[in-house]
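Structure assessment
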Number of protein chains: 2
Amino acid sequence: MQQHLDNLTKPIGSLGALEDLALRLAVVQERVPPKIEKRAVYVMAGDHGIVEEGITLYPREVTAQMVVNFLRGGAAVNVLAAKCGFDVFVVDTGVSATLRDKRVLARKVGPGTRNFFREDAMSEEQLERCLDNGRELAAEAVEEGYSLVALGDMGIGNTTTAAALLAGFGFSIDDVVDRGTGIDEATLQHKKWVVSEAVRKHSPFRDMHHLLRSVGGFEFATMVGFIIGLKSKKIPCILDGFPVTAAAFVAWNMDRAVIDYLFAGHLSKVQGHEHVLGRMGLSPIVDFEMRLGEGTGAIIGGHLLSLAAAISAEMASFDSAGVSRSTDIEENY
Amino acid sequence: MQQHLDNLTKPIGSLGALEDLALRLAVVQERVPPKIEKRAVYVMAGDHGIVEEGITLYPREVTAQMVVNFLRGGAAVNVLAAKCGFDVFVVDTGVSATLRDKRVLARKVGPGTRNFFREDAMSEEQLERCLDNGRELAAEAVEEGYSLVALGDMGIGNTTTAAALLAGFGFSIDDVVDRGTGIDEATLQHKKWVVSEAVRKHSPFRDMHHLLRSVGGFEFATMVGFIIGLKSKKIPCILDGFPVTAAAFVAWNMDRAVIDYLFAGHLSKVQGHEHVLGRMGLSPIVDFEMRLGEGTGAIIGGHLLSLAAAISAEMASFDSAGVSRSTDIEENY
């Protein structure tokens, strides 16, 4: 693949990060040049019992309202997906409200998790269903011909759950607890205390299942299964921001081989994202100081990855274009 | 415009740099929300007599060979333009070879500049023709309905010309002389000496015309006229890398008002680009360590600017989507 890139009509290495992306993709796809055809973004939605502890700016109901917004095409993820050629799939992994719209991929395992400050977020059986659902969704994505999948999240309270999962790995509370959608200083301090106390109560964690069941979320467990499922099908997965990357971190701790198939779409402004990306050794494709979720950063990064693949596949080589280092131009006329 | 952005269904400011871009564009276009429709990239090609001094890796003939490659659709700029919805225009401002293809916009003022190490690069009359050509091309772009223009360059030797122009403004030689397409250390030191000596011989520079005529290039002068012409039509111009930005720097020194209409598509890896961008106070949209030219970085940045505009125009507002901070979700069903 490096040889292929070096034969294209440009100075060697002059496309910088785009060449690195094309190279990584060729390795993942085991083909030269790589090729991305159908693309999809999966937005995994779920509610979180932990919101009872007053750690969010928006009420729990906004999760379902935003799912409706996704279905109507009015959210940022819809606009970006349309412009960048991604199909949008919205998965209900456990939104509190009943979502009757048939366009929702119904993988609901409960009406939101339980409050993990007081009890386990979910049962072992619910966890297993989420992991299975994720693997099945990945298999379906592959069957439908998607060669690139962007992964996004929607769930009021999900930065708290992500922080708890990472605190369970020993990340410091200050590094992983964020203001979420814009909470004030007092609420931030309260959120840190809630996460810290919750993790203390549930720990020590015996394994990834114990961690996910104790302080995880339905969409997180589904994303873990999804990421592992995509890896088993050798399909690259573009990560969005902090919650998605926290799920990827859990998946990576269950199966180190997933890392080859993961691309970091962007660096989110959410506190903690850079720490977890760094621990996995992933470099974000762009840094636009976004903090929206929904898969918006994943689509932008995924679109640039697609451009990198297209360039590597469609540019002329020096030979085919008759561009040389020494030939007289007259020969070409 | 800020109010419009804050009413969209997302936490305030959560789209980060994309919101900043949409805001700047709204100011330039004097409309809320901004709108980008037809897009074009103009690749300004020209040859440079200074290559006689042995400061490049590729021979002069490659300029024309690459123009042919652009017309055949085989270059990086073609692939990116096709994927990002930009029409490609190739302008011959002064390529050495005779280009007979009718698709070339023929604005040739000579078969390459003279060697500015030994004499003036061009005559005052040639300079005036270039500036006029640039203004006319800008007017034509607007007449053809383009609302966003990316500006790229092609010309073996053009990083040497760009460095000489900037050295004429007092930028240090070490800051603005680059390895170009990959010259070795000895050639780099020679290139620095050539630029330094040439600028010393021609200076002091009385004004921008004197500078451009002495150590400029046909495509540089055409780009200066083009940038000023786009500004007069209130059309945003996305800059590519070092040569294009050096031309923009000259234009900015002729007319400070151009700055409002300039966007830096990317940060090039070419030595000097960050210095000249910094002096103009422009922040690059992306940094992919690219160093290709042709408008490749301008298209990527321009495409992201288009996405920012689309998001701001097409997302639902909280009211229209029924998303709220406190309403019970049941009301929406």
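Criteria and cut-off values
Residues numbered from 1 in each chain as written. Chains lettered and ligands numbered in written order. Predicted model: local features only at pLDDT ≥ 70, side-chain atom pairs only at ≥ 80, totals over all residues. Heavy atoms only, no water. Helix = DSSP H or I, 4+ residues; strand = E, 2+ residues; numbered from the N terminus. Rg over C-alpha atoms; globule rule 2.2 N^0.38 Å. Buried < 20%, exposed > 50% of the residue type's maximum accessible area, 1.4 Å probe, protein only. Contact = heavy atoms within 4.5 Å. Areas by Shrake-Rupley, 256 points an atom, 1.4 Å probe, with all protein chains shown as cover. Lys, Arg positive; Asp, Glu negative; His and termini not counted. Charge placed at Lys NZ, Arg CZ, Asp CG, Glu CD. Pairing = 2+ DSSP bridges. Core = buried A, V, L, I, M, F, W, Y, C linked by side-chain atoms within 4.5 Å. Least-squares fit on C-alpha atoms with pLDDT ≥ 70 in both. Expected span 1.5 Å × (residues − 1). Axes fitted to C-alpha atoms, helices over the stretch in contact; angles between N-to-C directions. 1 Å grid on protein atoms, 1.4 Å probe; cavity = no way out; pocket = protein on both sides within 12 Å on 5 of 7 lines; lining within 4 Å. Points joined across faces, edges and corners; volume = space filled by probe spheres on them. Nonpolar A, V, L, I, M, F, W, Y, C, P; charged D, E, K, R; others polar. Salt bridge = Lys/Arg side-chain N within 4 Å of Asp/Glu carboxyl O. pLDDT = per-residue confidence, 0-100. Phe/Tyr/Trp six-rings, centres within 6.5 Å; stacked < 30°, edge-to-face > 60°. Lys NZ or Arg CZ within 6 Å of the ring centre and 35° of its normal. Disulfide = S-S within 2.5 Å. Buried area = accessible area lost by both parts, 1.4 Å probe. Polar contact = N/O pair within 3.5 Å; in protein donor to acceptor, adjacent residues only side chain to side chain.

This paragraph deals with the overall build of chain A. What chain A contains, in helices and strands, is 14 helices and 7 strands. Over its C-alpha atoms chain A spans a radius of gyration of 21 Å, differing by no more than 12% from the 20 Å that the globule rule assigns to 333 residues. In terms of its C-alpha atoms, chain A occupies a principal-axis envelope of roughly 80 × 40 × 35 Å. Out of the 333 residues in chain A, the part that is buried amounts to 65%. Sequence-distant contacts in chain A: of pairs separated by 6 or more residues, those separated by 24 or more amount to 75%. Counting every atom, chain A has about 11600 Å² of accessible surface; 46% of that belongs to carbon and sulfur. Of the side-chain charges in chain A, 33 are positive and 43 negative, and the distance between the mean point of each set is 5 Å.

Attention shifts here to the pairing of strand β4 (residues 146-154) of chain B. Residues and elements named next belong to chain B. Judged by how many residues are buried, β4 sits mostly within the fold: 9 of 9 residues are covered. In terms of strand pairing, strand β1 (residues 38-46) meets β4 through 8 bridges, oriented parallel. Considered in β4, the bridge of M44 is made with D153. In this sheet, strand β5 (residues 237-239) lies alongside β4 in parallel orientation, the contact comprising 3 bridges. Paired with A150 across the strands is I238, a residue of β5.

Moving on: the nonpolar core. Core analysis: the biggest nonpolar cluster contains 269 residues, and Y42 and L262 of chain A together with Y42 and L262 of chain B have the highest contact counts within it. Once residues within four sequence positions are removed from consideration, L262 of chain B is found in contact with R24, I227, C237, L239, A248, M280 and L282 of chain B.

It is worth spelling out the relation of the copies chain A and chain B at this point. For the match of chain A to chain B, the screw axis carries a shift of 0.0 Å, the RMSD comes to 0.0 Å, and the turn is 180°. Put plainly, the chains are arranged around a two-fold axis. Among all residues of chain A, the one whose C-alpha sits closest to the rotation axis is V286 of chain A, at a distance of 3.5 Å.

Glancing now at helix α13 (residues 296-314) of chain B. The end-to-end C-alpha separation of α13 of chain B is 27 Å, in line with the 27 Å expected for 19 residues at 1.5 Å each. Counted residue by residue, α13 of chain B has 17 buried out of 19 residues, so it is predominantly covered.

A few words on the sheet that holds strand β3 (residues 105-106) of chain B. Residues and elements named next belong to chain B. Spatial strand order, β3-β2-β1-β4-β5-β6-β7: 7 strands in an open sheet with parallel pairing. Looking along the sheet, the strands with just one partner apiece sit at the ends: β3 and β7 (284-286). Along the sheet, helix α11 (residues 242-254) makes contact with β4, β5 and β6 (262-266), crossing β4 at roughly 115°.

With that out of the way, let us pick up the layout of surface pockets. What the largest pocket holds in volume is close to 680 Å³. In this structure, the largest pocket is lined by 27 residues; those nearest its centre are I285, V286 and D287 of chain A together with D287 and F288 of chain B. Those elements that provide at least two residues to the lining of the largest pocket are α2 (17-29), β6 (262-266) and β7 (284-286) of chain A together with α2 (16-29), β6 and β7 of chain B. Per-class residue counts for the lining of the largest pocket are 18 nonpolar, 3 polar and 6 charged. Size it by volume and the second largest pocket reaches roughly 250 Å³. Every residue lining the second largest pocket is counted, 18 residues in all, and those nearest its centre are K83 of chain A together with I36, S306, A310 and E314 of chain B. Mapped onto the lining of the second largest pocket, the elements with two or more residues apiece are α4 (76-84) and α13 of chain B. Broken down by element, the residue count for the lining of the second largest pocket peaks at 7 residues, all from α13 of chain B. Partitioning the lining of the second largest pocket into residue classes produces 8 nonpolar, 3 polar and 7 charged.

All names here are of chain A. Using the criterion set out here, one finds 35 salt bridges over all chains in the structure. Here D92 and K108 are joined by a salt bridge, their closest N and O atoms 3.0 Å apart. On the criterion of sequence distance, the pair formed by D92 in strand β2 (residues 86-94) and K108 in the loop between β3 (105-106) and α5 (124-143) is long-range, its members being 16 residues apart. In this structure, R114 engages E119 in a salt bridge whose closest nitrogen and oxygen atoms are separated by 3.4 Å.

The next subject is α11 of chain B. Two residues of an α-helix separated by three or four positions point the same way, owing to the 3.6 residues in each turn. All names here are of chain B. For α11, which comprises 13 residues, the first-to-last C-alpha distance of 19 Å matches the rise-based estimate of 18 Å (1.5 Å per residue) to within 8%. Here α11 lies mainly inside the structure; 11 of its 13 residues are buried. Within the sequence span of α11, burial applies to F242, P243, V244, T245, A246, A247, A248, F249, V250, A251 and W252.

Residue and element names in this part refer to chain B. When you line up the elements, T93 lands in strand β2 (residues 86-94). Residue T93 is classed as buried on the basis of its relative accessible area of 0%. Look past the residues within four positions of T93 in its chain and what remains in contact with it is M44, A45, G46, R107, K108, V109, G110, F218, E219 and T222.

Our next topic: the confidence of the model for chain A. For any part of a model where pLDDT is low, the fine detail of the predicted coordinates should not be relied upon. Residue and element names in this part refer to chain A. Averaged over all residues, the pLDDT of chain A equals 95, while 97% of them reach at least 70. Taken together, the stretch residues 325-333 has pLDDT below 50 and engages in 17 contacts with residues farther than four places along the chain or on a different chain. Reported confidence for the predicted complex is 0.93 by ipTM and 0.94 by pTM.

Moving on, we get to the packing of aromatic side chains. For the coordinates displayed, the defined rule picks out 14 aromatic pairs over all chains. Residues Y42 of chain B and F226 of chain B carry aromatic rings whose centres are separated by 4.9 Å and whose planes lie at 45° to one another, so their mutual orientation is tilted. Note that Y42 of chain B is positioned in strand β1 and F226 of chain B in helix α10 (residues 218-232), a separation of 184 residues in sequence. Its relative accessible area of 2% is what places Y42 of chain B among the buried residues. Taking the relative accessible area as the measure of exposure, F226 of chain B reaches 0% and is therefore buried. Aromatic pair F117 of chain B and W193 of chain B: ring centres 5.5 Å apart, planes at 50°, arrangement tilted. Of this pair, F117 of chain B sits in the loop between β3 and α5 (124-143) while W193 of chain B sits in helix α8 (residues 185-202); the two residues are 76 residues apart in sequence, bridging distant segments of the chain. For F117 of chain B, a relative accessible area of 7% gives the class buried. Taken together, Y42, F89, Y146 and F226 of chain A form an aromatic cluster joined through their ring pairs. If you follow R24 of chain B out to its NZ or CZ, it ends over the ring of F263 of chain B, 4.0 Å from the centre. It is R256 of chain B that lies over the ring of W252 of chain B; its NZ or CZ is 3.8 Å from the centre.

A few words now on the state of the cysteines. One pass over the structure, following the stated rule, counts 0 disulfides over all chains. The thiol of C130 of chain A is not disulfide-bonded; the next cysteine sulfur, from C237 of chain A, is found 17 Å away.

With that out of the way, let us pick up the interface of chain A and chain B. Counting from both sides, the interface comprises 58 residues of chain A and, opposite them, 58 residues of chain B. The junction of chain A with chain B conceals about 4900 Å² of combined surface from both sides, 67% of it contributed by carbon and sulfur atoms. Counting across the chain A and chain B interface gives 2 salt bridges. For K83 of chain A, the salt bridge identified is with E314 of chain B, shortest N-O distance 3.2 Å. For the interface between chain A and chain B, the tally reads 13 residue pairs in polar contact (both at pLDDT 80 or more). Of all the secondary-structure elements, those providing two or more residues to the side of chain A that touches chain B are α2, α3 (61-72), α4 (76-84), β7, α13 (296-314) and α14 (318-321) of chain A. It is α3 of chain A that contributes the most residues to the side of chain A that touches chain B, 8 residues altogether. Looking at the side of chain A that touches chain B, its residues break down into 34 nonpolar, 14 polar and 10 charged.

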